[in-house]
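Residue-level listing of the chains:
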Amino acid sequence: MKFFIDTANLQEIQEAHDLGVLDGVTTNPSLMAKEGIFGHDNVMAHYKQICEIVDGDISAEVIATDFDGMVREGEILADLHPNIVVKVPMIRDGVKAIRYFSEKGIKTNCTLVFSAGQALLAAKAGATYVSPFVGRLDDVSTDGLQLIEQIVQIYGNYGYQTQVLAASVRHVMHLVQCAEIGADVVTCPLNVITSLLNHPLTDIGLQKFLADHAKGNK
Ligand code: E4P
């Protein structure tokens, strides 16, 4: 399973990269705004900086919601760096844009997916990734992980090549259950990745090993 980090924060991206387990990055307009990145030139420069840190797929989202606008923005984004994946919302023109990009060999990430039917459409349009939002479904009392299961099963039934990118992953159990289900990728904040390190028995065990080793060296 690939690990993507869901942030536009360069320090966090660098930290996840330095851990040696990072396969890519997802961003969205809210995450860019959180870092204070506004304006075309600043946004483009920021994506370039991310691409310099991580050698893996970097999702950059279009802002336009009409076909022509999405194509225009997506082509500019894709020209920035070979690792850029154009992130397109699951709307009518978005599906058409994904088909267009797919035929031009431009990678896409279909975002804001909340149902199996939407995921099926994304795959049929030729999306490289589909992003079902686990946490946001949980937020409205709907089982987000069940959607990941459904999509993995449907894609498996027909051999769709679209990769299931579990998004809005909020905690370690989300991540581990996505791995059990067989999601291709998870994207989550840095703290979810680093929380995977934690186990009290590891800490207790290490303390004991070091204490015992110290006895022999007195
Ligand atoms: C996915 O690509 C989105 O950027 C993200 O995972 C949404 O997560 P959130 O629901 O925690 O904002």
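From a predicted model like this one, the values you see are computed outputs, not experimental measurements. (Residues numbered from 1 in each chain as written. Predicted model: local features only at pLDDT ≥ 70, side-chain atom pairs only at ≥ 80, totals over all residues. Heavy atoms only, no water.)

A. Local environment of helix α8 (residues 144-158). For α8, spanning 15 residues, the distance from its first C-alpha to its last is 22 Å, which sits close to the expected 21 Å at 1.5 Å a residue. Within α8 the residues assigned to the buried category are G144, L145, L147, I148, I151 and Y155. Projected down its long axis, α8 shows its buried positions confined to an angular sector of 150°, all on one face. Opposite the buried face of α8, by more than 90 degrees, sit the exposed residues Q153 and G156. A distance of 3.1 Å separates the backbone nitrogen of L145 from a side-chain oxygen at the start of α8, and that oxygen is part of D143. Just downstream of α8 lies G159, where phi reads positive at about 70°. (Helix = DSSP H or I, 4+ residues; strand = E, 2+ residues; numbered from the N terminus. Expected span 1.5 Å × (residues − 1). Buried < 20%, exposed > 50% of the residue type's maximum accessible area, 1.4 Å probe, protein only. Arc of directions from axis to C-beta. Polar contact = N/O pair within 3.5 Å; in protein donor to acceptor, adjacent residues only side chain to side chain.)

B. The side chain of E61, seen in detail. Structurally, E61 can be placed in strand β3 (residues 57-61). Setting aside anything within four residues of it in sequence, one finds E61 in contact with T27, N28, P29, Y47, L77, K87 and T111. (Contact = heavy atoms within 4.5 Å.)

C. Seen up close, the sheet that holds strand β1 (residues 2-6). Around the barrel, eight strands lie side by side as β1-β2-β3-β4-β5-β6-β7-β8; this closed barrel has parallel pairing. With direction set aside, neighbouring strand axes in the sheet form an average angle of 30°. Across three bridges, strand β5 (residues 108-113) lies against strand β6 (residues 129-132) in parallel orientation. From the neighbouring strand, N109 faces β6, where its bridge partner is Y129. (Pairing = 2+ DSSP bridges. Axes fitted to C-alpha atoms, helices over the stretch in contact; angles between N-to-C directions.)

D. Structural detail: the environment of A97. The residue A97 is located in helix α5 (residues 92-103) in this model. For the pair A97 and M1, spaced 96 residues apart in sequence, the C-alpha to C-alpha distance is 27 Å.

E. Focus on the environment of T202. Here T202 is to be found in helix α11 (residues 200-216). For T202, a relative accessible area of 47% gives the class partly exposed.

F. Layout of the pattern of salt bridges. Applying the stated criterion across every chain, the model contains eight salt bridges. Here R170 ties to D139 by a salt bridge, and the two come within 3.1 Å at their closest N and O atoms. With R170 in the loop between β7 (163-166) and α9 (172-181) and D139 in helix α7 (residues 134-139), the pair connects residues that are 31 residues apart, well separated along the chain. Each of the salt bridges in this network shares a partner with another, and the network as a whole consists of K208, D212 and K215. (Salt bridge = Lys/Arg side-chain N within 4 Å of Asp/Glu carboxyl O.)

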